Amino acid sequence: MATQFDAAQAGGSRPARFASSLSVMVREFLRKPSLVGSAFPASRHLVDALLDPVDWSSARLVVEYGPGCGPLTRAILERLPRDGRLVAIDVSRHFTRHLRDTIADPRLIAVTACAGSAETVLARHGLGPADAIVTGIPFSTMPRRSAARILDVSARVLRDDGQLLAYQMRSTVAPMLAERFSTLDTAMAWRNIPPCRLYWARGPVD
Ligand SMILES: C[S@@+](CC[C@H](N)C(=O)[O-])C[C@H]1O[C@@H](n2cnc3c(N)ncnc32)[C@H](O)[C@@H]1O
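Scope of this entry: the structure provided in the associated data block. (Residues numbered from 1 in each chain as written. Predicted model: local features only at pLDDT ≥ 70, side-chain atom pairs only at ≥ 80, totals over all residues. Heavy atoms only, no water.)

## Considering helix α5 (residues 93-102)
Taken together, the buried positions of α5 are Phe95, Thr96, His98, Leu99 and Thr102. The buried residues of α5 occupy an angular sector of 155° when the element is viewed end-on, so they sit on one face. Check the buried side of α5 and you find it contacts α1 (14-31), α2 (33-36), α4 (71-79), β2 (85-90) and β3 (108-112). Between a side-chain oxygen at the N-terminus of α5 and the backbone nitrogen of His94 the separation is 3.2 Å; the capping residue is Ser92. (Buried < 20%, exposed > 50% of the residue type's maximum accessible area, 1.4 Å probe, protein only. Helix = DSSP H or I, 4+ residues; strand = E, 2+ residues; numbered from the N terminus. Arc of directions from axis to C-beta. Contact = heavy atoms within 4.5 Å. Polar contact = N/O pair within 3.5 Å; in protein donor to acceptor, adjacent residues only side chain to side chain.)

## Observations concerning unusual backbone geometry
Residues Gly128 and Pro129 are joined by a peptide bond in cis, for which omega reads -5°. Tracing the backbone shows Pro129 in the loop between α6 (118-124) and β4 (130-135).

## A short note on the pattern of salt bridges
Scanning the entire structure with this criterion turns up 13 salt bridges. Glu78 serves as the salt-bridge partner of Arg44, at 3.2 Å between the closest nitrogen and oxygen. Here Glu78 lies in helix α4 and Arg44 lies in helix α3 (residues 44-51), a separation of 34 residues in the sequence. Look at Arg44 and you get partly exposed, because its relative accessible area is 45%. (Salt bridge = Lys/Arg side-chain N within 4 Å of Asp/Glu carboxyl O.)

## Side note on the environment of Arg44
Sequence separation between Arg44 and Asn192 is 148 residues; the distance between their C-alpha atoms is 8.4 Å. Once you skip the residues sitting within four places of it in the chain, Arg44 turns out to touch Ala75, Glu78 and Arg79. A distance of 3.2 Å separates the side chain of Arg44 from the side chain of Glu78, its partner in a polar contact.

## Here's the deal with the sheet that holds strand β6 (residues 181-189)
The strand order β3-β2-β1-β4-β5-β7-β6 describes an open sheet built from seven strands, whose pairing is mixed. The sheet is open, and its two edges are formed by β3 and β6, each paired on a single side. Each strand of the sheet is rotated relative to its neighbour by a mean of 15°, with strand direction disregarded. Sheet topology note: the strand β1 (residues 61-65)/β4 ladder contains four bridges and is parallel. By the bridge assignment, Glu64 is partnered in β4 with Val134. Where α5 meets the sheet, its contacts fall on β2 and β3, and the angle it forms with β3 comes to roughly 160°. Docked against the sheet, helix α8 (residues 173-180) engages β5 (158-168), β6 and β7 (196-204), running at close to 150° with respect to β6. (Pairing = 2+ DSSP bridges. Axes fitted to C-alpha atoms, helices over the stretch in contact; angles between N-to-C directions.)

Here it is as structure tokens:
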């Protein structure tokens, strides 16, 4: 769904924005490869394949972990109702600053923090529970304890009918999602560098 905020993209023309996004992504990947996971932003094909199966028309609060340079952030904002909010949480202040500099949309709150602090971040903004969590953070290269904590927090911040959408290069996260959600659907996005697994986890389990 197009919104009145489409015209509010800051940071120059589309090619200029793409060049600046790619440059921040490559720089951050070279600085912290295991945290960033890939030097390439998610492709439009991956973004649409992950987001299109979901009905965003009634979403009020979406949380994104690891927005990076923002390909999913922009696509979520394109789909989000005008009174929705998107809280984008990234550990790198370079990425959150890039989002603030290139997306002028009052529905977006960009926060520098670990995804494991999502509950605290939402409470600080008086927001929650969330309709959806969207993420491409590399669960396979982080310590298992950290991945488990992030997923435990995720199951708590989601509404009962909320869902977690993830794209991952490896399948490490699959059993961890299956432990915490009643339904797990998967697919592959081949038209991405590298090809990625897509996950839709519904029904957080207490
Ligand atoms: C593969 S990149 C994905 C970026 C973006 N979704 C894209 O497609 O371009 C992973 C992102 O997750 C962030 N990240 C890694 N661990 C995180 C954590 N524990 N909490 C929040 N962000 C994290 C990294 O800084 C990076 O921006």
